[in-house]
Amino acid sequence: MDDSKMNELDQASIERERLKSLINSMADGVVATDEKGQILIYNGAAMNILDSNTTIANKPIDSVVKLIDKDSQQVNILQLILSTHTAFSTRDMSILYDDQNIAKVYLSIAPVHLGYGKTGARGYVLLLRDITREKSLEEERDEFVSVASHELRTPITIAEGNVSNALLMVERGDNSDLIKQALKQAYDQIIFLSGLINDLATLSRAERGILTVKVEAINAHDLINNLVNSYQEEAKRKGLQILTEISPNLETLWSSQLYVHEILQNFVTNAIKYTDKGHIVIGAQPKEGGIEFWVQDTGIGISKNDQSRVFAKFYRSEDYRTRKNKGTGLGLYVTMKLAKILSAQINLSSELNQGSKFSIFIPALEQPHQQIHPAVDYRANRV
Ligand code: ADP
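What you see is a predicted model, and the numbers here were worked out from it, not measured in a lab. (Residues numbered from 1 in each chain as written. Predicted model: local features only at pLDDT ≥ 70, side-chain atom pairs only at ≥ 80, totals over all residues. Heavy atoms only, no water.)

Enquirer: It is not clear to me how the pattern of salt bridges should be interpreted in this structure. Could you clarify?
Expert: Oppositely charged side chains can pair when the atoms bearing their charge come close. This model, assessed by the stated rule, comprises 18 salt bridges. Of the charged contacts, one joins D188 and K184 as a salt bridge, the two residues approaching to 2.9 Å between their closest N and O atoms. Taken as a pair, D188 and K184 lie in helix α6 (residues 176–207) at a separation of four residues, close to a single helical turn. Overall, D188 belongs to the partly exposed group, its relative accessible area being 27%. (Salt bridge = Lys/Arg side-chain N within 4 Å of Asp/Glu carboxyl O. Helix = DSSP H or I, 4+ residues; strand = E, 2+ residues; numbered from the N terminus. Buried < 20%, exposed > 50% of the residue type's maximum accessible area, 1.4 Å probe, protein only.)

Enquirer: Hey, could you run me through the pairing of strand β1 (residues 29–34) in this one?
Expert: Of all six residues that make up β1, five are buried, and the element is covered over most of its length. When β1 meets strand β7 (residues 121–130), the two strands line up antiparallel, connected through six bridges. Counted as the bridge partner of V31 is L126 from β7. Inspection of the sheet shows β1 paired to strand β2 (residues 39–42) by three bridges, in the antiparallel sense. Its bridge partner being in β2, T33 is matched across the sheet by I39. Linking two consecutive strands that pair antiparallel, namely β1 and β2, is a turn of four residues; a positive phi of about 90° is found at G37 within it. (Pairing = 2+ DSSP bridges.)

Enquirer: Can you walk me through the layout of surface pockets in this structure?
Expert: By rolling a water-sized probe across the atoms, one finds the places where empty space is left. Taken as a whole, the largest pocket holds about 1400 Å³ of empty space. Surrounding the largest pocket, 49 residues form its lining, T269, N270, K273, K326 and G327 being those nearest its centre. Listing elements by their share of the lining of the largest pocket, those giving two or more residues are α6, α7 (220–237), α8 (257–273), α11 (331–341) and β14 (355–363). Grouping the amino acids of the lining of the largest pocket by side-chain chemistry returns 18 nonpolar, 18 polar and 13 charged. (1 Å grid on protein atoms, 1.4 Å probe; cavity = no way out; pocket = protein on both sides within 12 Å on 5 of 7 lines; lining within 4 Å. Points joined across faces, edges and corners; volume = space filled by probe spheres on them. Nonpolar A, V, L, I, M, F, W, Y, C, P; charged D, E, K, R; others polar.)

Enquirer: Can you walk me through α11 in this structure?
Expert: Among the eleven residues of α11, nine are classified as buried, and the element is accordingly described as predominantly covered. The set of residues buried in α11 consists of G331, L332, Y333, V334, T335, K337, L338, A339 and I341. Considering only its buried residues, α11 is in contact with α5 (132–172), α6, α8, β13 (345–351) and β14. A positive phi of about 55° marks S343, the residue just after α11. (Contact = heavy atoms within 4.5 Å.)

Enquirer: So what exactly am I meant to see when it comes to the sheet that holds strand β3 (residues 67–68) here?
Expert: Strand pairing in a sheet relies on backbone hydrogen bonds. The paired strands run either parallel or antiparallel. Here seven strands make up an open sheet; going across it, the order is β2-β1-β7-β6-β5-β3-β4 and the pairing antiparallel. Each edge of the open sheet is held by one strand with a lone partner, namely β2 and β4 (74–75).

Set out below in C-alpha coordinates:
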(Lines give C-alpha, C1' and ligand atoms only; values in the text may rest on other atoms or scores of the structure.)
Protein backbone atom coordinates (compact mmCIF):
# COMPACT_ATOMS: atom_id res chain seq x y z
CA MET A 1 0.00 0.00 0.00
CA ASP A 2 1.40 3.39 -0.87
CA ASP A 3 1.90 6.14 1.69
CA SER A 4 -1.03 8.29 0.58
CA LYS A 5 -3.44 5.31 0.91
CA MET A 6 -2.04 4.61 4.40
CA ASN A 7 -2.56 8.26 5.35
CA GLU A 8 -6.14 8.17 4.12
CA LEU A 9 -6.83 5.08 6.23
CA ASP A 10 -5.21 6.64 9.30
CA GLN A 11 -7.27 9.75 8.76
CA ALA A 12 -10.45 7.70 8.43
CA SER A 13 -9.80 5.78 11.62
CA ILE A 14 -9.02 9.00 13.52
CA GLU A 15 -12.32 10.44 12.28
CA ARG A 16 -14.12 7.27 13.39
CA GLU A 17 -12.62 7.48 16.87
CA ARG A 18 -13.57 11.15 17.09
CA LEU A 19 -17.16 10.40 16.14
CA LYS A 20 -17.29 7.48 18.56
CA SER A 21 -16.13 9.58 21.48
CA LEU A 22 -18.50 12.34 20.43
CA ILE A 23 -21.60 10.15 20.55
CA ASN A 24 -20.35 8.43 23.68
CA SER A 25 -20.03 11.75 25.46
CA MET A 26 -23.64 12.67 24.71
CA ALA A 27 -26.05 12.67 27.63
CA ASP A 28 -28.89 11.50 25.39
CA GLY A 29 -29.17 7.91 24.27
CA VAL A 30 -28.32 7.54 20.58
CA VAL A 31 -29.16 4.42 18.57
CA ALA A 32 -28.61 4.14 14.82
CA THR A 33 -30.25 1.34 12.86
CA ASP A 34 -30.14 0.14 9.29
CA GLU A 35 -33.16 0.54 7.07
CA LYS A 36 -34.72 -2.63 8.48
CA GLY A 37 -34.37 -1.46 12.08
CA GLN A 38 -31.34 -3.55 13.01
CA ILE A 39 -29.06 -1.75 15.46
CA LEU A 40 -25.71 -0.63 14.04
CA ILE A 41 -24.33 1.95 16.49
CA TYR A 42 -25.32 3.07 19.99
CA ASN A 43 -23.78 4.97 22.88
CA GLY A 44 -23.37 4.44 26.64
CA ALA A 45 -26.35 6.66 27.46
CA ALA A 46 -28.54 4.42 25.27
CA MET A 47 -27.41 1.37 27.26
CA ASN A 48 -28.35 3.23 30.45
CA ILE A 49 -31.77 4.31 29.36
CA LEU A 50 -32.52 0.90 27.86
CA ASP A 51 -31.20 -0.66 31.07
CA SER A 52 -29.03 -3.07 29.13
CA ASN A 53 -25.63 -4.33 30.22
CA THR A 54 -24.94 -6.50 27.18
CA THR A 55 -24.29 -5.43 23.64
CA ILE A 56 -27.34 -4.49 21.60
CA ALA A 57 -25.51 -4.34 18.28
CA ASN A 58 -27.11 -6.30 15.43
CA LYS A 59 -30.32 -6.80 17.41
CA PRO A 60 -33.65 -5.74 15.94
CA ILE A 61 -34.72 -2.47 17.56
CA ASP A 62 -38.09 -3.86 18.69
CA SER A 63 -36.35 -6.55 20.72
CA VAL A 64 -34.54 -3.98 22.89
CA VAL A 65 -36.94 -1.01 23.02
CA LYS A 66 -40.44 -1.66 24.34
CA LEU A 67 -42.59 1.44 24.13
CA ILE A 68 -45.98 2.35 25.52
CA ASP A 69 -48.00 5.46 24.76
CA LYS A 70 -49.68 7.75 27.30
CA ASP A 71 -52.70 5.44 27.49
CA SER A 72 -50.35 2.55 28.36
CA GLN A 73 -50.95 0.92 24.96
CA GLN A 74 -47.96 -0.90 23.47
CA VAL A 75 -46.35 0.83 20.50
CA ASN A 76 -44.32 -1.19 18.02
CA ILE A 77 -41.14 0.82 17.62
CA LEU A 78 -40.14 -0.99 14.43
CA GLN A 79 -43.38 -0.03 12.71
CA LEU A 80 -42.99 3.47 14.09
CA ILE A 81 -39.54 4.01 12.63
CA LEU A 82 -40.29 2.31 9.32
CA SER A 83 -43.22 4.67 8.85
CA THR A 84 -41.12 7.75 9.64
CA HIS A 85 -40.33 9.68 6.48
CA THR A 86 -39.39 13.02 8.00
CA ALA A 87 -37.84 13.64 11.41
CA PHE A 88 -40.36 13.14 14.20
CA SER A 89 -40.27 13.59 17.97
CA THR A 90 -42.58 12.96 20.91
CA ARG A 91 -42.69 13.48 24.69
CA ASP A 92 -45.67 11.22 25.20
CA MET A 93 -44.06 7.80 25.23
CA SER A 94 -42.50 5.65 27.91
CA ILE A 95 -40.06 2.79 27.87
CA LEU A 96 -41.47 -0.32 29.51
CA TYR A 97 -38.82 -2.41 31.27
CA ASP A 98 -38.93 -6.16 31.90
CA ASP A 99 -39.73 -5.56 35.58
CA GLN A 100 -42.76 -3.48 34.47
CA ASN A 101 -41.15 -0.21 35.59
CA ILE A 102 -41.43 2.66 33.15
CA ALA A 103 -39.40 5.73 32.22
CA LYS A 104 -41.05 8.63 30.43
CA VAL A 105 -38.91 9.57 27.44
CA TYR A 106 -38.34 12.18 24.83
CA LEU A 107 -37.96 10.19 21.62
CA SER A 108 -36.87 11.51 18.28
CA ILE A 109 -36.55 9.49 15.11
CA ALA A 110 -34.75 10.77 12.04
CA PRO A 111 -34.44 8.88 8.77
CA VAL A 112 -30.84 9.35 7.65
CA HIS A 113 -28.33 8.34 5.06
CA LEU A 114 -25.60 6.56 7.02
CA GLY A 115 -22.12 6.65 5.54
CA TYR A 116 -20.77 8.47 2.51
CA GLY A 117 -21.50 8.34 -1.20
CA LYS A 118 -21.94 4.90 -2.71
CA THR A 119 -21.00 3.10 0.52
CA GLY A 120 -23.85 4.82 2.37
CA ALA A 121 -27.20 3.22 3.11
CA ARG A 122 -30.52 4.37 4.44
CA GLY A 123 -31.14 4.04 8.14
CA TYR A 124 -32.56 5.74 11.20
CA VAL A 125 -31.13 7.62 14.16
CA LEU A 126 -33.07 7.51 17.42
CA LEU A 127 -32.51 9.88 20.30
CA LEU A 128 -33.78 8.92 23.76
CA ARG A 129 -33.85 11.09 26.86
CA ASP A 130 -35.30 10.21 30.27
CA ILE A 131 -37.82 12.96 31.13
CA THR A 132 -39.60 11.19 33.99
CA ARG A 133 -38.71 13.86 36.53
CA GLU A 134 -39.51 16.75 34.21
CA LYS A 135 -42.87 15.20 33.40
CA SER A 136 -43.80 14.65 37.01
CA LEU A 137 -42.93 18.28 37.81
CA GLU A 138 -45.07 19.41 34.87
CA GLU A 139 -47.96 17.25 36.02
CA GLU A 140 -47.60 18.49 39.57
CA ARG A 141 -47.58 22.11 38.39
CA ASP A 142 -50.68 21.60 36.23
CA GLU A 143 -52.51 19.96 39.11
CA PHE A 144 -51.42 22.72 41.46
CA VAL A 145 -52.68 25.45 39.15
CA SER A 146 -56.01 23.72 38.66
CA VAL A 147 -56.57 23.01 42.37
CA ALA A 148 -55.34 26.44 43.47
CA SER A 149 -57.56 28.27 41.00
CA HIS A 150 -60.54 26.19 42.08
CA GLU A 151 -59.79 26.88 45.76
CA LEU A 152 -59.56 30.60 45.01
CA ARG A 153 -62.61 30.76 42.81
CA THR A 154 -65.08 29.30 45.34
CA PRO A 155 -64.57 31.88 48.13
CA ILE A 156 -64.42 34.73 45.60
CA THR A 157 -67.78 33.68 44.15
CA ILE A 158 -69.36 33.44 47.61
CA ALA A 159 -67.90 36.80 48.73
CA GLU A 160 -69.00 38.49 45.51
CA GLY A 161 -72.54 37.06 45.82
CA ASN A 162 -72.87 38.26 49.40
CA VAL A 163 -71.55 41.76 48.72
CA SER A 164 -73.85 42.22 45.73
CA ASN A 165 -76.78 40.99 47.87
CA ALA A 166 -75.86 43.44 50.61
CA LEU A 167 -75.79 46.31 48.08
CA LEU A 168 -79.20 45.32 46.79
CA MET A 169 -80.57 45.15 50.32
CA VAL A 170 -79.17 48.60 51.12
CA GLU A 171 -80.87 50.03 48.01
CA ARG A 172 -84.15 48.43 49.02
CA GLY A 173 -83.76 49.66 52.58
CA ASP A 174 -83.89 46.09 53.94
CA ASN A 175 -83.36 44.97 57.52
CA SER A 176 -79.85 45.82 58.64
CA ASP A 177 -79.39 42.40 60.31
CA LEU A 178 -79.71 40.69 56.92
CA ILE A 179 -77.20 43.11 55.43
CA LYS A 180 -74.82 42.52 58.31
CA GLN A 181 -75.16 38.75 57.86
CA ALA A 182 -74.32 38.96 54.15
CA LEU A 183 -71.33 41.20 54.83
CA LYS A 184 -70.13 38.88 57.61
CA GLN A 185 -70.19 35.93 55.20
CA ALA A 186 -68.26 37.92 52.61
CA TYR A 187 -65.78 38.99 55.28
CA ASP A 188 -65.22 35.34 56.40
CA GLN A 189 -64.47 34.34 52.84
CA ILE A 190 -61.99 37.18 52.44
CA ILE A 191 -60.21 36.16 55.66
CA PHE A 192 -60.10 32.60 54.36
CA LEU A 193 -58.64 33.83 51.05
CA SER A 194 -55.97 35.82 52.79
CA GLY A 195 -54.98 32.72 54.82
CA LEU A 196 -54.87 30.69 51.64
CA ILE A 197 -52.69 33.25 49.90
CA ASN A 198 -50.32 33.30 52.88
CA ASP A 199 -50.05 29.51 52.78
CA LEU A 200 -49.42 29.62 49.04
CA ALA A 201 -46.74 32.28 49.45
CA THR A 202 -44.89 30.30 52.16
CA LEU A 203 -45.25 27.19 50.10
CA SER A 204 -43.89 28.77 46.98
CA ARG A 205 -40.88 30.14 48.87
CA ALA A 206 -40.28 26.74 50.48
CA GLU A 207 -40.52 24.98 47.12
CA ARG A 208 -38.17 27.36 45.42
CA GLY A 209 -35.75 26.74 48.26
CA ILE A 210 -35.48 30.39 49.23
CA LEU A 211 -36.69 30.17 52.80
CA THR A 212 -33.86 31.03 55.11
CA VAL A 213 -33.59 30.07 58.72
CA LYS A 214 -32.81 32.70 61.28
CA VAL A 215 -31.44 30.75 64.22
CA GLU A 216 -32.47 32.31 67.52
CA ALA A 217 -32.74 31.35 71.16
CA ILE A 218 -36.24 29.99 71.73
CA ASN A 219 -37.84 29.85 75.13
CA ALA A 220 -40.31 26.99 74.76
CA HIS A 221 -42.33 28.13 77.80
CA ASP A 222 -42.91 31.56 76.28
CA LEU A 223 -43.63 30.10 72.87
CA ILE A 224 -46.34 27.79 74.20
CA ASN A 225 -47.85 30.40 76.50
CA ASN A 226 -48.00 32.74 73.56
CA LEU A 227 -49.93 30.17 71.54
CA VAL A 228 -52.30 29.53 74.45
CA ASN A 229 -53.00 33.27 74.75
CA SER A 230 -53.62 33.63 71.02
CA TYR A 231 -56.05 30.71 70.75
CA GLN A 232 -57.72 30.62 74.19
CA GLU A 233 -60.66 32.71 73.01
CA GLU A 234 -61.27 30.73 69.85
CA ALA A 235 -61.16 27.46 71.80
CA LYS A 236 -63.50 28.82 74.48
CA ARG A 237 -66.06 29.77 71.84
CA LYS A 238 -66.23 26.07 70.92
CA GLY A 239 -66.35 25.05 74.59
CA LEU A 240 -62.81 23.64 74.46
CA GLN A 241 -60.08 23.99 77.04
CA ILE A 242 -56.42 24.46 76.16
CA LEU A 243 -54.10 22.78 78.67
CA THR A 244 -50.31 22.72 78.78
CA GLU A 245 -47.81 20.05 79.80
CA ILE A 246 -44.46 21.81 79.85
CA SER A 247 -41.51 20.00 81.39
CA PRO A 248 -39.70 22.17 83.97
CA ASN A 249 -36.33 21.02 82.60
CA LEU A 250 -36.50 22.75 79.25
CA GLU A 251 -33.42 24.56 78.11
CA THR A 252 -33.11 27.28 75.51
CA LEU A 253 -33.58 25.83 72.04
CA TRP A 254 -31.60 27.22 69.10
CA SER A 255 -33.77 27.07 66.01
CA SER A 256 -36.10 29.26 63.99
CA GLN A 257 -38.62 30.93 66.29
CA LEU A 258 -40.76 31.85 63.28
CA TYR A 259 -40.99 28.36 61.80
CA VAL A 260 -41.38 26.50 65.10
CA HIS A 261 -44.20 28.91 65.94
CA GLU A 262 -45.81 28.43 62.52
CA ILE A 263 -45.62 24.63 62.81
CA LEU A 264 -47.17 24.54 66.29
CA GLN A 265 -49.76 27.10 65.27
CA ASN A 266 -50.84 24.84 62.40
CA PHE A 267 -51.21 21.92 64.82
CA VAL A 268 -53.16 24.03 67.31
CA THR A 269 -55.54 25.57 64.76
CA ASN A 270 -56.25 22.12 63.34
CA ALA A 271 -56.80 20.69 66.81
CA ILE A 272 -59.38 23.42 67.51
CA LYS A 273 -60.99 23.03 64.10
CA TYR A 274 -61.35 19.27 64.25
CA THR A 275 -62.42 18.94 67.90
CA ASP A 276 -66.01 19.46 69.00
CA LYS A 277 -65.71 18.66 72.67
CA GLY A 278 -63.01 18.02 75.24
CA HIS A 279 -59.61 19.67 75.37
CA ILE A 280 -56.35 20.35 73.63
CA VAL A 281 -52.99 19.80 75.23
CA ILE A 282 -49.86 21.62 74.10
CA GLY A 283 -46.74 20.01 75.53
CA ALA A 284 -42.96 20.14 75.42
CA GLN A 285 -40.20 18.01 76.91
CA PRO A 286 -36.43 17.84 76.45
CA LYS A 287 -35.16 15.09 74.18
CA GLU A 288 -31.61 14.16 73.15
CA GLY A 289 -30.32 17.12 71.13
CA GLY A 290 -33.48 19.19 71.12
CA ILE A 291 -37.06 19.51 72.29
CA GLU A 292 -40.12 17.46 71.51
CA PHE A 293 -43.34 19.45 71.20
CA TRP A 294 -46.81 17.98 70.82
CA VAL A 295 -50.40 19.04 70.33
CA GLN A 296 -52.99 16.51 71.35
CA ASP A 297 -56.75 16.78 70.94
CA THR A 298 -59.89 14.84 71.77
CA GLY A 299 -61.38 15.47 68.35
CA ILE A 300 -62.69 13.56 65.35
CA GLY A 301 -59.40 11.68 64.81
CA ILE A 302 -57.85 10.60 61.53
CA SER A 303 -58.46 7.18 59.96
CA LYS A 304 -55.45 4.90 59.37
CA ASN A 305 -55.92 5.40 55.65
CA ASP A 306 -55.85 9.18 55.91
CA GLN A 307 -52.89 9.32 58.28
CA SER A 308 -50.44 8.78 55.44
CA ARG A 309 -52.16 11.35 53.24
CA VAL A 310 -52.82 14.35 55.47
CA PHE A 311 -49.37 15.82 54.73
CA ALA A 312 -49.99 15.80 50.98
CA LYS A 313 -50.63 19.02 49.10
CA PHE A 314 -54.33 20.04 49.21
CA TYR A 315 -55.33 16.80 50.92
CA ARG A 316 -58.45 17.00 53.09
CA SER A 317 -60.24 14.03 54.59
CA GLU A 318 -63.58 13.13 52.96
CA ASP A 319 -65.14 12.91 56.45
CA TYR A 320 -68.13 15.31 56.58
CA ARG A 321 -66.88 16.55 59.97
CA THR A 322 -63.73 17.74 58.22
CA ARG A 323 -65.64 19.25 55.34
CA LYS A 324 -67.94 21.30 57.57
CA ASN A 325 -64.81 23.28 58.57
CA LYS A 326 -63.11 25.55 56.11
CA GLY A 327 -59.63 24.49 55.08
CA THR A 328 -57.21 24.47 52.20
CA GLY A 329 -55.40 21.19 52.79
CA LEU A 330 -52.14 23.14 52.67
CA GLY A 331 -51.40 23.61 56.38
CA LEU A 332 -49.81 20.24 57.06
CA TYR A 333 -48.02 20.23 53.71
CA VAL A 334 -46.39 23.55 54.54
CA THR A 335 -45.69 22.25 58.06
CA MET A 336 -43.85 19.26 56.63
CA LYS A 337 -41.78 21.52 54.37
CA LEU A 338 -40.82 23.75 57.29
CA ALA A 339 -40.00 20.69 59.43
CA LYS A 340 -37.61 19.48 56.73
CA ILE A 341 -35.88 22.84 56.67
CA LEU A 342 -35.35 22.57 60.43
CA SER A 343 -34.31 18.87 60.17
CA ALA A 344 -37.25 18.17 62.45
CA GLN A 345 -39.30 14.98 62.58
CA ILE A 346 -43.07 14.86 62.76
CA ASN A 347 -45.01 11.99 64.28
CA LEU A 348 -48.73 11.46 64.06
CA SER A 349 -50.77 9.08 66.16
CA SER A 350 -54.51 9.18 65.93
CA GLU A 351 -57.60 7.11 66.37
CA LEU A 352 -60.89 7.83 64.66
CA ASN A 353 -63.42 9.44 67.04
CA GLN A 354 -60.85 9.48 69.88
CA GLY A 355 -58.44 12.25 68.94
CA SER A 356 -55.05 12.97 67.41
CA LYS A 357 -51.56 13.74 68.60
CA PHE A 358 -49.11 15.57 66.36
CA SER A 359 -45.62 15.63 67.83
CA ILE A 360 -42.46 17.11 66.44
CA PHE A 361 -38.87 16.76 67.51
CA ILE A 362 -36.98 20.01 66.87
CA PRO A 363 -33.21 19.50 67.01
CA ALA A 364 -31.01 22.32 68.24
CA LEU A 365 -29.28 23.97 65.28
CA GLU A 366 -25.85 25.47 65.42
CA GLN A 367 -25.85 28.72 67.35
CA PRO A 368 -25.02 31.74 65.28
CA HIS A 369 -21.64 33.29 66.09
CA GLN A 370 -22.33 36.43 68.03
CA GLN A 371 -21.28 39.72 66.52
CA ILE A 372 -19.85 38.26 63.31
CA HIS A 373 -23.04 36.60 62.09
CA PRO A 374 -26.07 37.78 64.03
CA ALA A 375 -28.22 35.27 62.13
CA VAL A 376 -27.07 32.12 60.41
CA ASP A 377 -28.69 31.47 57.06
CA TYR A 378 -29.44 27.86 56.39
CA ARG A 379 -30.35 27.90 52.72
CA ALA A 380 -33.44 25.74 52.41
CA ASN A 381 -31.92 23.46 49.80
CA ARG A 382 -32.70 20.43 51.89
CA VAL A 383 -36.43 20.70 51.15
P1 ADP B 1 -56.88 21.94 56.32
O2 ADP B 1 -57.06 21.86 57.81
O3 ADP B 1 -56.81 23.32 55.79
O4 ADP B 1 -57.87 21.08 55.60
P5 ADP B 1 -54.29 20.68 56.74
O6 ADP B 1 -53.21 20.40 55.74
O7 ADP B 1 -53.95 21.48 57.92
O8 ADP B 1 -55.47 21.32 55.91
O9 ADP B 1 -54.85 19.28 57.19
C10 ADP B 1 -55.13 18.29 56.22
C11 ADP B 1 -56.24 17.37 56.69
O12 ADP B 1 -55.77 16.60 57.80
C13 ADP B 1 -57.48 18.06 57.22
O14 ADP B 1 -58.34 18.44 56.18
C15 ADP B 1 -58.08 16.99 58.11
O16 ADP B 1 -58.75 16.04 57.31
C17 ADP B 1 -56.83 16.32 58.70
N18 ADP B 1 -56.46 16.83 60.03
C19 ADP B 1 -55.42 17.65 60.32
N20 ADP B 1 -55.34 17.88 61.65
C21 ADP B 1 -56.33 17.16 62.22
C22 ADP B 1 -56.77 16.95 63.57
N23 ADP B 1 -56.14 17.54 64.60
N24 ADP B 1 -57.81 16.12 63.77
C25 ADP B 1 -58.44 15.52 62.73
N26 ADP B 1 -58.08 15.69 61.44
C27 ADP B 1 -57.03 16.48 61.18
